[in-house]
Amino acid sequence: MATATVVGEDDLVEYGFRRVIITITAVLCALLEIVDTTIVNVALTNMRGSLGATLTDVAWVITAYAIANVIVIPMTSWLSQQFGRRNYFAVSIIIFTTASFLCGNADNIWELVAFRFIQGLGGGALLVTAQTIITESYPIAKRGMAQAIYGMGVIVGPTLGPPLGGYLVDHFSWPYIFYINIPLGIAATFLTLTYVKSPKYGVKLKANQVDWWGIVFLASFIGSLQFVLEHGQQDDWFNDNLIVILSAVSIVGFLLFIWRELTYEHPIVNLSVLKDGNLRIGIVMCFILGFGLYGSTLVIPIYTQQILGWSATDAGLLLIPGSITTAFMMPIVGNLIQKGVPQGYMVAIGFMVFFFFTFWMYNVMTPDTSVDNMFWALILRGIGLGLLFVPITTLSLSTLKGKSIGEGAAFTGMVRQLGGSFGIAIITTGITRFTQQHRVNLLPHLDTSRLEVQQRVHQMQQAFMSKGFSANESLGKAYQALDYNVMKQATVLSYMDIFLYLGVMFLCCIPIVLFIKRGKNKINPADAMH
């Protein structure tokens, strides 16, 4: 293919072998980015040991990556136009791959955090640019299927991370969770440079025209917000001076960013794209989807590891069947969209299915729930995510055309990430607060004047005495064991509350579907080409 790599909008549609290669490349890059968000969670304990870091320090390995991600995602559309999409995509893969190698070779925790930030700057670009490349490589009629293929990577990614990370850490060592990106990154770079084309949307800006203040305001607003969400609970929210300062920076940065983008001639983020009604509704739904997807992905492994005592690999493997179900659902949903089934109906059913999943989990959670009790609930979660992801993404971008597709994709990507961050922050805070409340409520039932309590304490005391402890020691240990059981029960009740509230939130979202402009889904995309 010796044709020019800068082409018009119509020429971006690919067919046959080229489209297959471009699709594989884009999905691979999206997978690399998303797997890397969760793969690290399993290895944190090993990193602490080998780098001599505290738990608070090691949490920065996740935070740095997330902050870099959300800063770069809104800027991807602009950067693609500035440097050419193919070049920008290839450079992002190279940055991501090189940073992966440096992360694996880091000698101390702060080196690792710095390289993770750089990795996040490369990775954030992969996610949105991959979505835009896939969307524009397919003709309008097949865009539902294009989003379905992209969605397989995005939904399966977060659940592939923990078991893959667990396996690599158990059988090799933690640097290998980064080294695994290197061969894949090299292959993706080669395929991108060979097959991906750059669209011609507008001219490059000179250095003095670039919206530098916009970049500063965006970074301060998003970066501060992400930090507050990640560290709020462990730093006791607004009782901590740093959290208060960064919350203020985030609010001021947000207001200045909006003002700057609306008044500057060449804004780094084009806010006018939000005039599209379906994109606005899609953004709200993407936030809720991120909240539910990342929130439930967080709660289930914590519950199985802390309460049920599973290994990290087993906890990760539990989520795989649900992810396979989602991957299986994607092409079916894409096909239904192509046949003209209104996306709104699917989204409503998806929210309903997700509600049933959360209610099911609410009912089966105990201190000793078996795999069988959770298996079908997680399959239901997979069906719900399949019904939500593709219709929401297709719907968001359905009435956009040309360079607006990339700008719309950047918004949905950023909001889904932020939804996940809000979800994780609110859920971790909720677990702590609810656990304390349930503990306070449970303790009055352990009145030592009650016969059942006396019998239970006596049985435990006898059990400890049979192991060679004195009567007083055994009594102390019996009370400790009882206290542990109360704490365990309180934690399980707090997880149940989280699932109940998540379910209610999804149920309340169903009416949003009524605001979707029905006619546009089918008419406008066809008109967009004329």
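Residues numbered from 1 in each chain as written. Predicted model: local features only at pLDDT ≥ 70, side-chain atom pairs only at ≥ 80, totals over all residues. Heavy atoms only, no water.

Take the overall build of the protein next. Along its length, the protein carries 20 helices and two strands. By the compact-globule yardstick of 24 Å for 530 residues, the protein fits well, its C-alpha radius of gyration being 25 Å. Its C-alpha atoms give the protein principal-axis dimensions of about 85 × 50 × 45 Å. The buried share of the protein, reckoned over its 530 residues, is 55%. (Helix = DSSP H or I, 4+ residues; strand = E, 2+ residues; numbered from the N terminus. Rg over C-alpha atoms; globule rule 2.2 N^0.38 Å. Buried < 20%, exposed > 50% of the residue type's maximum accessible area, 1.4 Å probe, protein only.)

The next subject is the packing of aromatic side chains. For the coordinates displayed, the defined rule picks out 18 aromatic pairs. On the numbers, 5.1 Å between centres and 90° between planes, the contact of F375 with W376 is edge-to-face. These aromatic residues form a ring-pair network of at least three members: F351, F354, F357, F499 and F506. Its end group placed over the ring of Y65, R116 keeps NZ or CZ at 4.1 Å from the ring centre. (Phe/Tyr/Trp six-rings, centres within 6.5 Å; stacked < 30°, edge-to-face > 60°. Lys NZ or Arg CZ within 6 Å of the ring centre and 35° of its normal.)

Side chains that are nonpolar tend, in soluble globular proteins, to be buried together. Membership of the largest hydrophobic core comes to 120 residues, with the highest contact counts inside it found for M285 and M361. Ranked by residues supplied to this core, first place goes to helix α12 (residues 277-306) with 13 residues. Apart from residues lying up to four places away in sequence, M361 is in contact with I300, M374, A377 and F499. L51, V58, V113 and I177 belong to the second largest nonpolar core, which has 22 residues in total. (Core = buried A, V, L, I, M, F, W, Y, C linked by side-chain atoms within 4.5 Å. Contact = heavy atoms within 4.5 Å.)

Enumeration over the complete set of coordinates arrives at two salt bridges. Among the ionic pairs, R116 bridges to D36, the shortest N-O distance being 3.5 Å. Within this pair, whereas R116 is found in helix α6 (residues 109-137), its partner D36 is found in helix α1 (residues 16-38), the two being separated by 80 residues in sequence. In this structure, R116 and D36 share a single accessibility class: buried. The closest approach of N and O atoms between R439 and D483, which form a salt bridge, is 2.9 Å. (Salt bridge = Lys/Arg side-chain N within 4 Å of Asp/Glu carboxyl O.)

Glancing now at the layout of surface pockets. By rolling a water-sized probe across the atoms, one finds the places where empty space is left. Size it by volume and the largest pocket reaches roughly 1,700 Å³. The wall of the largest pocket is formed by 45 residues, among which N41, L44, I62, L298 and I302 lie closest to the centre. The set of elements that each furnish at least two residues to the lining of the largest pocket consists of α1, α2 (44-51), α3 (55-72), α10 (212-231), α12, α13 (312-318), α17 (403-442) and α19 (471-509). Among the residues making up the lining of the largest pocket, the classes are represented as 20 nonpolar, 23 polar and two charged. (1 Å grid on protein atoms, 1.4 Å probe; cavity = no way out; pocket = protein on both sides within 12 Å on 5 of 7 lines; lining within 4 Å. Points joined across faces, edges and corners; volume = space filled by probe spheres on them. Nonpolar A, V, L, I, M, F, W, Y, C, P; charged D, E, K, R; others polar.)

Let us now look at a nonpolar patch on the surface. Taken together, the side chains of V91, I95 and I118 present a nonpolar region at the surface, about 220 Å² in accessible area. Within the secondary structure layout, I118 lies in helix α6. Given a relative accessible area of 38%, I118 falls into the partly exposed group. (Patch = residues over 30% accessible without salt bridge, like charges linked within 9 Å, V, L, I, M, F, W, Y side chains within 5 Å. Areas by Shrake-Rupley, 256 points an atom, 1.4 Å probe, with all protein chains shown as cover.)

This part is about the environment of W376. Mapped onto the fold, W376 is located in helix α16 (residues 371-397). A residue is classified by how much of its surface remains accessible, and W376, at 54% relative accessible area, is exposed.

Of all the eight residues making up helix α4 (residues 76-83), six are buried; the element is thus mostly covered by neighbouring parts of the structure. Listed in full, the buried residues belonging to α4 are T76, S77, W78, L79, S80 and Q82. Following α4 by one or two positions, G84 has its phi on the positive side, about 90°.

Packing of α10 against helix α11 (residues 241-263) brings their axes to within 7 Å, and their N-to-C directions diverge by 145°. Every pair of crossing elements has a handedness; the one defined by α10 and α11 is left-handed. Residues W213, G214, F217, L218, S220, F221, S224, L225, F227, V228 and H231 of α10 pack against L242, I243, L246, S247, V249, S250, G253, F254, L256, F257, R260 and E261 of α11. Residue composition of the contact of α10 with α11, by class: 14 nonpolar, seven polar and two charged. (Axes fitted to C-alpha atoms, helices over the stretch in contact; angles between N-to-C directions. Left-handed = near helix turned anticlockwise from the far one by under 90°.)

This paragraph deals with the side chain of T23. With respect to the helices, strands and loops of the structure, T23 is situated in helix α1. Apart from the residues within four sequence positions on either side, T23 is in contact with I134, Y138 and I149.

Along the polypeptide, M414 turns up in helix α17. Residues M414 and V504, spaced 90 residues apart in sequence, show a C-alpha to C-alpha distance of 24 Å.

Looking now at the side chain of R260. Residue position: R260 is located in helix α11. A relative accessible area of 14% places R260 in the buried class.

To continue, consider the state of the cysteines. Put plainly, a disulfide is one covalent bond tying together the sulfur atoms of two cysteines. Counted by the stated rule, this structure contains zero disulfides. Between C509, a cysteine without a disulfide, and C508, which holds the nearest cysteine sulfur, the sulfur-to-sulfur distance is 6.9 Å. Take C509: its relative accessible area is 5%, and that puts it in the buried class. (Disulfide = S-S within 2.5 Å.)

This brings us to the packing of helix α5 (residues 85-104) against α6. With their axes 8 Å apart at the nearest point, α5 and α6 run at an angle of 145° to one another. As for the relative orientation of α5 and α6, their crossing is left-handed in sense. Considered class by class, the residues forming the contact of α5 with α6 number 15 nonpolar, seven polar and three charged.

This paragraph deals with the confidence of the model for the protein. With 92% of its residues at a pLDDT of at least 70, the protein reaches an overall mean of 79. Across residues 1-8, where pLDDT falls below 50, the model places twelve contacts with residues more than four positions away in sequence or in other chains. Counting contacts from residues 519-530, a segment whose pLDDT is below 50, to residues more than four positions away or on other chains yields 18 contacts. (pLDDT = per-residue confidence, 0-100.)

This paragraph deals with the environment of S323. Within the secondary structure layout, S323 lies in helix α14 (residues 320-338). In this structure the C-alpha to C-alpha distance between S323 and S137, which are 186 residues apart in sequence, comes to 26 Å. Setting aside residues up to four positions removed in sequence, S323 forms contacts with V156 and T159.

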